[in-house]
Each structure stands twice: as C-alpha cells, then as structure tokens.
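# Close look at the chain arrangement
Listed below, chain by chain, are the residues.
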Amino acid sequence: MAAEQLRAVALVCTLKPSPAESSSQLMADQVLAELAANDVSGSTVRIADFEVRPGVSADEGEGDEWPQIRRRIIEADIVVLATPTWLGHLSSVAQRTLERLDAELSETDDAGRPVMLGKVGIAAVVGNEDGAHKIVADTFQALDDIGFTIPAQGCTYWNGEAMGGTDFKDLPDTPEAVRKTTAAMARNAAHLARLLRTNQYPAYQ
C-alpha cells in the first residue's frame, strides 16, 4: 500500500486581504508548485483574510479564527511562511502568526513531544529592500523553538532594487536564480518530511 501523500500549507502573511494581488501569494504559489513536483499536495492560507487575534494561546476566544488555521497546520507535514519585507523586517501579520504558533510549545502528543515536532518549516520572502536574510534567520529561530525542523537551503527570496517600484508580482518572468533556489528548497523539504514521517523524533517521556 502506497504511503499517504505529504501535505503542505503556505501561510501567506501579506498585509493585503484577498482578492488583492500579492507578491507573497505569488511566491507561495511557486513554492507549492515546486512541492507538487515532489509529490507534495498543498494549499495556502492568506492570514489577512481571517480574524487572528493577538495572543500566545491556541484559542483567544469568541471571534478568533486562528483555531481553523491551526487545524490546517496540524494536518500538514510542511509549513511555508511567506512574508513581504517591511522596514527591513517580516510583516506584522507574519510576526503575529509566529506569536500564535508559540502556544504549541505547551501542546504535546501522547509521547510528550510538542505537537509541531516532526513538521518541516520553510520560508519565502519578497521585498524591494534588503532584509531577507535577517527575516529568514528570525523566522527559522522561531520555527525551531516551536519544534519545526528546517531543511538544508530551506528558504527562497527575491529582493528588488533598493527604493525601487517593481514588485515580484510585476516581473515578466521569475529570475532563474530564484526559480532554482525555490526548487532546491522544495526538494529538500519534501525529502526531510518523508524521513520524519517514517522516523519521528524520540518520545520525551
């Protein structure tokens, strides 16, 4: 019997709700396409389309729509955090997403492991200013703390000309270097997720 197909979810942290065009959404779609080429099914969640309240618990009460996003993360093997660059940092939506994921440190499975342990975390960053490396570093540290595993070359990004007016979504074609980087990230993430599915981290108790 064939193993169940791996699943990915891309958390798109643009500041723009749907249906506005978004470079972060485009980048996330390209990541999911490369994951699909490695037999990983995927879907996106545009965080700005939901009422995600500030806080560090799994459910912040009436009106909080984070629990339905959390369910999709729980069901995924690979989680993509896609964010624009604002003032050299990840978006406020991405920061809130990571803060809400912090609750998972106290959520454990029957073996005492944090529930995100065994999931792969990767990052995708776009922007017209420098900062992608720092954003990825901050994102990876946060995901690692929460329990995600980061694959080799686990990020992709595009930086436009400093102070420029062209967005990633406005390019006539995706630069070859970005395409190759995204493809490598997807291959490595899928490989690592398969390893973790068949050989989970040891029990904590």
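Reading the values: the criteria
The residue numbering used here restarts from 1 in each chain and proceeds along that chain's sequence as written. In keeping with the model being predicted, local features are shown solely for residues with a pLDDT of at least 70 and side-chain atom pairs are shown and tallied solely at 80 or more, while totals for entire chains, interfaces and linings include all residues. Only hydrogens and water are set aside; all other atoms, that is, all heavy atoms of the structure, feed into the side-chain values. In DSSP terms, a helix is any run of H or I states spanning at least four residues, a strand is any run of E spanning at least two, and both are numbered starting from the N terminus. Radius of gyration: over C-alpha atoms. The globule rule applied is 2.2 Å multiplied by the number of residues raised to the 0.38 power. Relative accessibility thresholds used throughout: buried, under 20% of the residue-type maximum; exposed, over 50%; partly exposed, between the two (1.4 Å probe, protein chains only). Only heavy atoms matter for contacts: two residues are in contact if any of them lie within 4.5 Å across the pair. Only the protein chains shown count as cover for residues, and all accessible areas are computed by the Shrake-Rupley method using a 1.4 Å probe. UniProt positions are given in the numbering used here, feature names are shortened, and annotations may be inferred rather than shown by experiment. With axes taken as lines fitted to C-alpha atoms, and helix axes fitted only over the stretch in contact, angles between N-to-C directions fall between 0 and 180 degrees. Working definition: roughly parallel below 35 degrees, roughly antiparallel above 145 degrees, roughly perpendicular at 65 to 115 degrees, and oblique for all remaining angles. Crossing handedness: left-handed means the near helix sits turned counterclockwise from the far one by under a right angle, and right-handed means the same turn made clockwise. Residues are sorted three ways: Asp, Glu, Lys and Arg are charged, Ala, Val, Leu, Ile, Met, Phe, Trp, Tyr, Cys and Pro are nonpolar, and all the rest, Gly among them, are polar. Each patch is assembled from residues with relative accessible area greater than 30% and no salt bridge, linking like charges that lie within 9 Å and nonpolar side chains (Val, Leu, Ile, Met, Phe, Trp, Tyr) that lie within 5 Å. Note on definitions: salt bridges are taken to be side-chain nitrogens of Lys or Arg within 4 Å of carboxyl oxygens of Asp or Glu. Here, nonpolar core refers to any group of buried Ala, Val, Leu, Ile, Met, Phe, Trp, Tyr and Cys residues whose side-chain atoms link them within 4.5 Å.

## Observations regarding the overall build of the protein
- The number of helices and strands found in the protein is five helices and six strands.
- Of the regular secondary structure in the protein, the N- to C-terminal order runs β-α-β-α-β-β-α-β-α-β-α.
- Whereas a compact globule of 205 residues would reach a radius of gyration of roughly 17 Å, the protein reaches 16 Å, a difference of no more than 12%.
- Along the longest, intermediate and shortest principal axes, the C-alpha atoms of the protein span 55 × 40 × 30 Å.
- Expressed as a percentage of the 205 residues in the protein, the buried residues total 47%.
- A separation threshold of at least 6 residues defines the contact pool for the protein, and within that pool the share at least 24 residues apart is 79%.
- Summing over all exposed atoms, the protein offers an accessible surface of approximately 10,100 Å²; the carbon and sulfur share of this is 51%.

## Thoughts on the UniProt feature "domain: NADPH-dependent FMN reductase-like" (unreviewed entry) in the protein
- Here the UniProt-annotated "domain: NADPH-dependent FMN reductase-like" (unreviewed entry) positions come out as residues 18-152.
- For residues 18-152, the end-to-end C-alpha separation is 32 Å, with 36% helix and 19% strand making up the annotated structure.

## Observations concerning the packing of helix H1 (residues 23-36) against helix H5 (residues 176-198)
- Viewed as axis vectors pointing N to C, H1 and H5 meet at an angle of 55°, and their least axial separation amounts to 8 Å. The orientation of H1 with respect to H5, classified from their angle, is oblique. Between H1 and H5 the crossing geometry is right-handed. Between H1 and H5, the residues in contact are Met-27, Gln-30, Val-31, Glu-34 and Leu-35 and Val-178, Arg-179, Thr-182, Ala-183, Met-185, Ala-186 and Ala-189, respectively.
- Looking at the contact of H1 with H5, its residues break down into eight nonpolar, two polar and two charged.

## Describing a nonpolar patch on the surface
- Together, Leu-15, Trp-86 and Leu-87 line one region of the surface with nonpolar side chains, adding up to about 370 Å² of accessible area.
- One can find Leu-87 in the loop between strand S3 (78-86) and strand S4 (89-90).

## Looking at the pattern of salt bridges
- On inspection of all chains with the given rule, the structure shows nine salt bridges.
- Two residues, Arg-197 and Asp-77, come together in a salt bridge whose shortest N-O distance is 2.8 Å. Residue Arg-197 is located in helix H5, and its partner Asp-77 is located in the loop between helix H2 (66-75) and S3; the two are separated by 120 residues in the primary sequence.
- Overall, the relative accessible area of 33% leaves Arg-197 in the partly exposed class.
- Across the pair Asp-167 and Lys-169 runs a salt bridge, and its minimum N-O distance is 3.9 Å.

## Side note on the nonpolar core
- Of all hydrophobic cores here, the largest spans 29 residues; its most connected members are Leu-11, Ile-47, Ile-69 and Ile-73.
- Elements with a minimum of two residues in this core: strand S1 (6-12), H2, S3, helix H3 (92-101), strand S5 (120-127) and helix H4 (132-146).
- Ranked by residues supplied to this core, first place goes to H4 with seven residues.
- Beyond its immediate stretch of four places on either side in the chain, Leu-11 contacts Val-45, Ile-47, Ile-69, Ile-73, Val-79, Val-80, Leu-81, Ala-82 and Thr-97.

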